[in-house]
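# Observations on chain architecture
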Amino acid sequence: MFIGHFAVGFASERVAPKTSLGTLMIAPLLLDMLWPLFLLLGIERVRIIPGGAPFDQLEFISYPWSHSLLMTCVWGAAFGLIVRATTRDSRGAIVVALGVVSHWVLDFVSHRPDLPLIPGAGPRVGLGLWNSPAATLLTESAIFVAGLWIYLATTRARDRIGVISRWSFVALIVLLYVGNVTGPPPPSLGVLTTIGIVSWLFTPWFYWIDRHREARAAKT
């Protein structure tokens, strides 16, 4: 999935209101943030499929350290411990740890059987939602809208920047998703890796949005 992961970050604000949106967004995106680094280092491998159908442009040959179920749990626990140590917010730490694990769960639903359970051995799994582009688009869109709706119902803009920063980000993500679905695959592994690393630049944007929004007052 792509925009489905962002939905998890948005929705997490409901259950961890003290945790910054930036941190909550990093959690479900963490595996995809690590993946291009591991590709660059030659630790993991992927093959581009020229002329592939939507959601069938990449063959994930090996990505056990970023996307196996075991390592996903390790990354989630590590990130949760970092959040707990730096913020003393136990609830936030648990939510971000589960946010990391949610990435594997959503990928399990969408990917074909290429997700490893543990590094180096064992079966590869995946329910293959990507086999149906129409079902994938419908499912991801519904998840994204639901996650965004929860976030909007939980927070409000403090100022005009809070509105602009949020909706400009949503517009960009939707445009990127449409381009990913309708456009050609990356021309090379170098470009693919660069795009993945550049996606780290979303991180300060998340924190920028958070600084200009606040929790909605509870109704009495």
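Note: the structure precedes this text.
One structure accompanies this document, and this report is about it. (Residues numbered from 1 in each chain as written. Predicted model: local features only at pLDDT ≥ 70, side-chain atom pairs only at ≥ 80, totals over all residues. Heavy atoms only, no water.)

## Structural notes on the environment of Y63
Note the following rule: Here a strand is any run of E in DSSP of at least two residues, a helix any run of H or I of at least four, and the numbering for each starts at the N terminus. Only protein chains enter the area calculation, which uses a 1.4 Å probe; residues under 20% of their type maximum are buried, those over 50% are exposed, and those in between are partly exposed. A contact between two residues is defined here by any heavy atoms of the two lying within 4.5 Å. Whenever two N or O atoms come within 3.5 Å, that pair is a polar contact, provided that in protein one can donate a hydrogen and the other can accept it, and provided that, for residues adjacent in sequence, both atoms are side-chain atoms.
Along the chain, Y63 turns up in the loop between strand 2 (58-62) and helix 3 (64-67). For Y63, a relative accessible area of 1% corresponds to the buried category. The spatial distance from the C-alpha of Y63 to the C-alpha of S20 is 29 Å, given a sequence separation of 43 residues. Excluding residues that lie within four positions of it along the chain, Y63 makes contacts with W35, E44, S68, H111, D114, L115 and P116. Within the structure, Y63 has its side chain in polar contact with the side chain of H111 (distance 3.1 Å).

## What about the side chain of S62?
Mapping S62 onto the fold places it in strand 2. Those residues within four positions of S62 in sequence are excluded, and the remaining contacts are E44, R45 and R124.

## Examining the packing of helix 4 (residues 69-87) against helix 5 (residues 90-110)
Here is the rule: Lines fitted to C-alpha atoms define the axes here, with helix axes fitted over just the stretch in contact, and angles between the N-to-C directions of these axes take values from 0 to 180 degrees. Here the word oblique covers every angle except those under 35 degrees (roughly parallel), over 145 (roughly antiparallel) and from 65 to 115 (roughly perpendicular). If you view the pair so one helix is near and one far, a crossing is left-handed when the near helix is turned anticlockwise from the far one by less than a right angle, and right-handed when it is turned clockwise. Note that Gly is not counted as nonpolar here; it falls among the polar residues with everything else outside the nonpolar set of Ala, Val, Leu, Ile, Met, Phe, Trp, Tyr, Cys and Pro and the charged set of Asp, Glu, Lys and Arg.
The geometry of helix 4 relative to helix 5 is characterised by a closest axis approach of 8 Å and an angle of 160° between their N-to-C directions. Between helix 4 and helix 5, the angle is such that the two are roughly antiparallel. The two elements helix 4 and helix 5 meet at a crossing, and its hand is right-handed. Of helix 5, the residues touching helix 4 (which contributes L69, T72, C73, W75, G76, F79, G80, V83 and R84) are S90, G92, A93, V96, A97, V100, V101 and W104. When grouped by side-chain class, the residues that make up the contact of helix 4 with helix 5 number eleven nonpolar, five polar and one charged.

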